[in-house]
Amino acid sequence: MPYFDSASAAPLHPVARQALQASLDEGWADPARLYREGRRARLLLDAAREAAAEAVGCRADELVFTPSGTHAVHAGVSGVLAGRRRVGDGLVVSAVEHSSVLHAAEVHAAGGGAVTEVPVDRFGAVAPAGYADALGPSTALACLQSANHEVGTVQPVAEVAEVCGAAGVPLLVDAAQSLGWGPVEGAWSVLAASAHKWGGPPGVGLLAVRKGVRFSPQGPADERESGRSPGFVNLPAIVAAAASLRAVRAEAEAEAARLRILVDRIRRRVVRLVPDVEVVGHPDIRLPHLVTFSCLYVDGETLLHELDRAGFSVNSGSSCTSSTLTPSHVLRAMGVLSEGNVRVSLPLGTPAEEVNAFLEVLPGAVADVRRQLGVSEPAAVAPVADSVELDALGLRCPQPVIELARAIGTVPVGGTVTVVSDDEVARLDIPAWCGMRGHAYVGESPREVGVAYTVRRLR
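If you're wondering where the values come from, they're calculated on a predicted model, not measured in any experiment.

Visitor: Account for the sheet that holds strand β13 (residues 440-446), with residues named and values stated.
Guide: Pairing is mixed across the open sheet formed by 4 strands, whose spatial order is β11-β12-β14-β13. One side of each edge strand has no neighbouring strand; the edge strands of this open sheet are β11 (387-391) and β13. On average, each strand axis in the sheet is inclined to that of its neighbour by 20 degrees, with strand direction left out of account. Packing of helix α11 (residues 399-407) onto the sheet brings it into contact with β11, β12 (416-421) and β14 (451-456), and relative to β12 it is tilted by some 160 degrees. Running at roughly 5 degrees to β14, helix α12 (residues 426-437) makes contact with β12, β13 and β14 of the sheet.

Right, dumping it as structure tokens:
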């Protein structure tokens with residue numbers, strides 16, 4: 001069964017499996033002890049740290065291992081904010097950061113700290129000037145992912161790090177999605193990553209803090225991992241994580257070139273094979289293995305189930321797959337379609353035959369979902385009114401947009417259709433629909449229940 005969700009968790013690399021099994025026999029003792037079993041464990045831990053630091057591009061004594069990438073992010077954010085509290089309480093983040101960063105920002109704001117969000121363009125990329133504008137004399141820390149986990153867009157980390165350096169503000173980089181493909185360029189200050197993203201075992205994160213960065217670990221003091229990650233380390237998993245990182249790096253250049261060809265094939269063909277599809281994320285400045293697209297008039301959860309039944313494991317940032325019924329914060333910040341969102345992230349070694357098979361299955365799966373929702377091309381009718389209002393209260397994604405599509409032909413060119421909806425997704429998807437179908441989004445206005453979204457017919 002083809003697995004196309006390595007951005008969530010990559011399959012365990014064979015080198016990681018071998019290293020894990022070997023270190024279970026050799027690395028079970030406490031590396032802080034002086035007897036031979038402890039010394040042997042310490043040698044394994046030191047070797048793993050050296051290998052990971054080399055891959056990250058930092059000194060070994062700047063890197064510690066944590067129980068997860070999320071733990072590394074939280075420890076990094078809280079530690080720098082506490083260490084630089086005399087400077088101020090300002091925290092700057094991009095609008096498309098991983099939830100671990102945004103959750104840390106929420107905690108900071110709840111404690112009275114100031115949080116500034118830097119917007120992104122339609123590709124999901126920040127502008128270095130946006131960070132320059134957001135930084136101030138009281139900014140203690142800035143955060144920026146190296147590459148987006150939902151759409152694959154690579155961020156200008158080196159340029160933003162230069163801006164932050166000029167302002168005297170440390171930059172924390174979430175490198176979870178990109179570290180397996182290569183080191184993060186630029187003069188970053190703090191870096192976090194997660195082993196299960198590159199084929200290491202779950203439960204291992206990396207936190208690198210450059211010398212000279214003021215850092216105050218939060219929580220009770222602990223003598224392990226420089227006091228930055230308390231508790232007994234999972235040494236076998238750490239050894240496997242470091243070994244697999246070195247292995248995937250050795251394969252990265254050749255595999256990136258091969259997978260980029262396959263992803264380019266998906267990007268080109270999906271818009272030809274499936275009507276009303278928007279491919280999102282930057283077409284060129286992106287991760288080599290990841291592509292995301294959204295399908296109009298499609299329920300995301302239903303589409304994922306259809307593809308699963310066809311034998312393909314993919315993921316989605318669509319609001320329709322979330323219990324909150326709110327759009328993905330990444331897609332919302334980009335201002336792109338969130339309906340029927342599919343993220344394909346190819347693991348190392350994915351054969352071309354599996355990608356070709358996916359492209360054969362996808363059009364039928366989308367058509368089946370649209371048929372279940374009763375989507376069809378509306379019959380040509382004479383306009384019935386200059387303006388029409390639709391009651392879509394209680395209808396969930398993608399139904400409000402489906403109702404809009406059915407009604408647009410009932411008004412003349414220049415006429416308007418107003419959709420009243422209480423689904424927050426409509427705020428994102430109705431303007432995106434207008435852009436795809438060539439109509440004008442007039443705007444929104446609050447109602448006693450829900451919000452009214454008005455569209456002007458242009459053709």
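Visitor: Describe unusual backbone geometry, and please don't skip the residues or the numbers.
Guide: For the bond running from Cys397 to Pro398, omega is 5 degrees, close enough to zero to count as cis. Within the element layout of this structure, Pro398 appears in the loop between β11 and α11. Look at Glu225: it is not a glycine, yet its phi comes out positive at around 45 degrees. The residue Glu225 is located in the loop between β7 (205-209) and α7 (235-273) in this model. According to the relative accessible area criterion, Glu225 is buried, its value standing at 8%. The phi dihedral of Ser226 is positive, around 60 degrees, even though this residue is not glycine. Along the chain, the position of Ser226 falls in the loop between β7 and α7. Looking at Ser226, the relative accessible area reads 54%, which means it is exposed.

Visitor: So what's going on with helix α6 (residues 157-167)? Which residues, and what values?
Guide: What α6 keeps buried is the set Val157, Val160, Ala161 and Cys164. With its buried residues spanning 100 degrees around the axis, α6 presents them on a single face. Turned more than 90 degrees from where α6 packs its buried face, Glu162 and Ala166 sit exposed. Lining the buried residues of α6 we find α5 (128-134), β4 (139-145) and β5 (171-174). Downstream of α6 by a residue or two, Gly168 has a phi angle that is positive, lying close to 75 degrees.

Visitor: With reference to specific residues and values, describe the side chain of Thr292.
Guide: Mapped onto the secondary structure, Thr292 falls in strand β9 (residues 290-295). In this structure the side chain of Thr292 is engaged in a polar contact, spanning 2.5 Å, whose partner is the backbone oxygen of Glu150.

Visitor: Residue-level account of the packing of aromatic side chains, with values.
Guide: As enumerated under the stated definition, the model contains 3 aromatic pairs in all. Seen in terms of ring centroids, Phe4 and Phe312 are 5.9 Å apart; in terms of plane orientation they differ by 45 degrees. Their pairing is tilted. Taken as a pair, Phe4 in the segment before α1 (14-26) and Phe312 in the loop between α8 (300-309) and α9 (329-334) lie far apart in primary sequence, 308 residues in all. The same class applies to Phe4 and to Phe312, which are both buried. Members of the aromatic cluster, joined through ring pairs, are Phe4, Phe312 and Phe358. Taking the ring centre of Trp188 as reference, the NZ or CZ of Arg210 above it sits at 3.8 Å. The ring of Phe215 carries the charged tip of Arg228 above its face, separated from the ring centre by 4.8 Å.

So, how was this worked out
Residues numbered from 1 in each chain as written. Predicted model: local features only at pLDDT ≥ 70, side-chain atom pairs only at ≥ 80, totals over all residues. Heavy atoms only, no water. Pairing = 2+ DSSP bridges. Helix = DSSP H or I, 4+ residues; strand = E, 2+ residues; numbered from the N terminus. Axes fitted to C-alpha atoms, helices over the stretch in contact; angles between N-to-C directions. Contact = heavy atoms within 4.5 Å. Buried < 20%, exposed > 50% of the residue type's maximum accessible area, 1.4 Å probe, protein only. Arc of directions from axis to C-beta. Polar contact = N/O pair within 3.5 Å; in protein donor to acceptor, adjacent residues only side chain to side chain. Phe/Tyr/Trp six-rings, centres within 6.5 Å; stacked < 30°, edge-to-face > 60°. Lys NZ or Arg CZ within 6 Å of the ring centre and 35° of its normal.

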